[in-house]
Amino acid sequence: YDALREGIEKVRTGRHDKRAILVISDGMDAGSKRTNLESLLRAVRGAEVLVYGLGTGQTVYADPSEHVPFTLPTQSSTARGPAAIQNSRPSPARRGGVTNTLNGVNMTVLNEFAANSGGKAFLLASTFVDTGASEIGKALTLIADELRGQYTLGYYPLKIGSGSGSGENNFHTIEVTTRNGYNVRARTGYQSQ
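A brief report on the enclosed structure follows. (Residues numbered from 1 in each chain as written. Predicted model: local features only at pLDDT ≥ 70, side-chain atom pairs only at ≥ 80, totals over all residues. Heavy atoms only, no water.)

1. Quick word on the environment of I24
Right, on to step 1. If you trace the backbone, I24 turns up in strand β1 (residues 20-25).
Right, on to step 2. Separated by 97 residues in the primary sequence, I24 and A121 have C-alpha atoms spaced 9.8 Å apart.
Right, on to step 3. Residues in contact with I24, not counting those within four places in the same chain, are L54 and T56. (Helix = DSSP H or I, 4+ residues; strand = E, 2+ residues; numbered from the N terminus. Contact = heavy atoms within 4.5 Å.)

This is how it looks when you write it as structure tokens:
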């Protein structure tokens, strides 16, 4: 969570108008000290930076007996020894009581980053598919095509600053629909500033 927060701040100060971050992760936080999930989602909503997630789980082509789990040690786990380090990873974040964990990837969190920014999340369960093309290559091609073909819509809200919940620094939901039923993906809202 700390790394994504820092990445958002870095991208926000960039010189290009189109801003996006690609998060390659299992969706599990690895001991962030300065950022929790709620504050990170607020930062994502307020950033106007698209967040794309590539959920990476265990590879299906490798022999599971050859897989060596890796978890970053924490101060408390190193004090307790190597057995504590191996099992020190926190359990997946739960949103609304439901965790969508597929192949060891917490897609709930990656989907929330994407939904709150207007991006998209992909689950990469294996390295190669039947055609020989890599899943990551396909996902990156889809992301690149989407970034090239994006449109920006803007509007002025009717009134900000009066009434309950409509003041500054509040989250305002938006919904984008089309007349002909085209598939449109947009962020869930915006943070007033």
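2. Overview of the side chain of D29
Right, on to step 1. Relative to the helices and strands, D29 is located in the loop between β1 and α2 (37-47).
Right, on to step 2. Note on D29: relative accessible area 16%, which makes it buried.
Right, on to step 3. A distance of 3.1 Å separates a polar atom in the side chain of D29 from the backbone nitrogen of Y1.
Right, on to step 4. Side-chain polar atoms of D29 contact the side chain of S32, separated by 2.6 Å. (Buried < 20%, exposed > 50% of the residue type's maximum accessible area, 1.4 Å probe, protein only. Polar contact = N/O pair within 3.5 Å; in protein donor to acceptor, adjacent residues only side chain to side chain.)

3. Considerations on the packing of aromatic side chains
Right, on to step 1. Under the criterion given, the structure shown has one aromatic pair.
Right, on to step 2. Between Y1 and F113 the ring centres are 6.3 Å apart and the planes differ by 85°, which places this aromatic pair in the edge-to-face class. Here F113 lies in helix α5 (residues 107-117) and Y1 lies in the segment before α1 (2-12), a separation of 112 residues in the sequence. We note that Y1, like F113, is buried. (Phe/Tyr/Trp six-rings, centres within 6.5 Å; stacked < 30°, edge-to-face > 60°.)

4. With respect to the packing of α2 against α5
Right, on to step 1. In the contact formed by α2 and α5, the axes pass within 8 Å of each other and the chain directions differ by 30°. The orientation of α2 relative to α5 falls into the category roughly parallel. The crossing of α2 and α5 is right-handed. In contact with L37, L40, L41, V44 and R45 of α2, α5 contributes V109, E112, F113, N116 and S117.
Right, on to step 2. For the contact of α2 with α5, the per-class residue count stands at six nonpolar, two polar and two charged. (Axes fitted to C-alpha atoms, helices over the stretch in contact; angles between N-to-C directions. Parallel < 35°, antiparallel > 145°, perpendicular 65-115°, else oblique. Left-handed = near helix turned anticlockwise from the far one by under 90°. Nonpolar A, V, L, I, M, F, W, Y, C, P; charged D, E, K, R; others polar.)

5. Examining the layout of surface pockets
Right, on to step 1. Roughly 1,400 Å³ of volume is contained in the largest pocket.
Right, on to step 2. Surrounding the largest pocket, 34 residues form its lining, Y151, T152, L153, A186 and R187 being those nearest its centre.
Right, on to step 3. Those elements that provide at least two residues to the lining of the largest pocket are α2 and β7 (189-191).
Right, on to step 4. In terms of residue count, the dominant contributor to the lining of the largest pocket is β7 (three residues).
Right, on to step 5. Residue composition of the lining of the largest pocket, grouped by class: 12 nonpolar, 12 polar and 10 charged. (1 Å grid on protein atoms, 1.4 Å probe; cavity = no way out; pocket = protein on both sides within 12 Å on 5 of 7 lines; lining within 4 Å. Points joined across faces, edges and corners; volume = space filled by probe spheres on them.)

6. With respect to the pairing of β1
Right, on to step 1. Of the two faces of β1, the one holding I21, V23 and S25 is buried and the one holding A20, L22 and I24 is not buried anywhere.
Right, on to step 2. Bridge count between β1 and strand β2 (residues 50-56): six bridges; the pairing is parallel. Pairing of I24 across the sheet is with L54, part of β2. (Pairing = 2+ DSSP bridges.)

7. Topic: the pattern of salt bridges
Right, on to step 1. Under the definition given, this model contains three salt bridges.
Right, on to step 2. Between E6 and R34 there is a salt bridge; the shortest N-O distance is 2.4 Å. Separated by 28 residues along the polypeptide, E6 in helix α1 and R34 in the loop between β1 and α2 bring together distant segments of the chain.
Right, on to step 3. Measuring nitrogen to oxygen at the nearest pair gives 3.7 Å for the salt bridge that ties R12 to E9. One end of the pair, R12, and the other, E9, are both in helix α1, three residues apart, so they sit about a helical turn from each other. (Salt bridge = Lys/Arg side-chain N within 4 Å of Asp/Glu carboxyl O.)

Bear in mind that shape data such as this cannot, by itself, settle questions of function.
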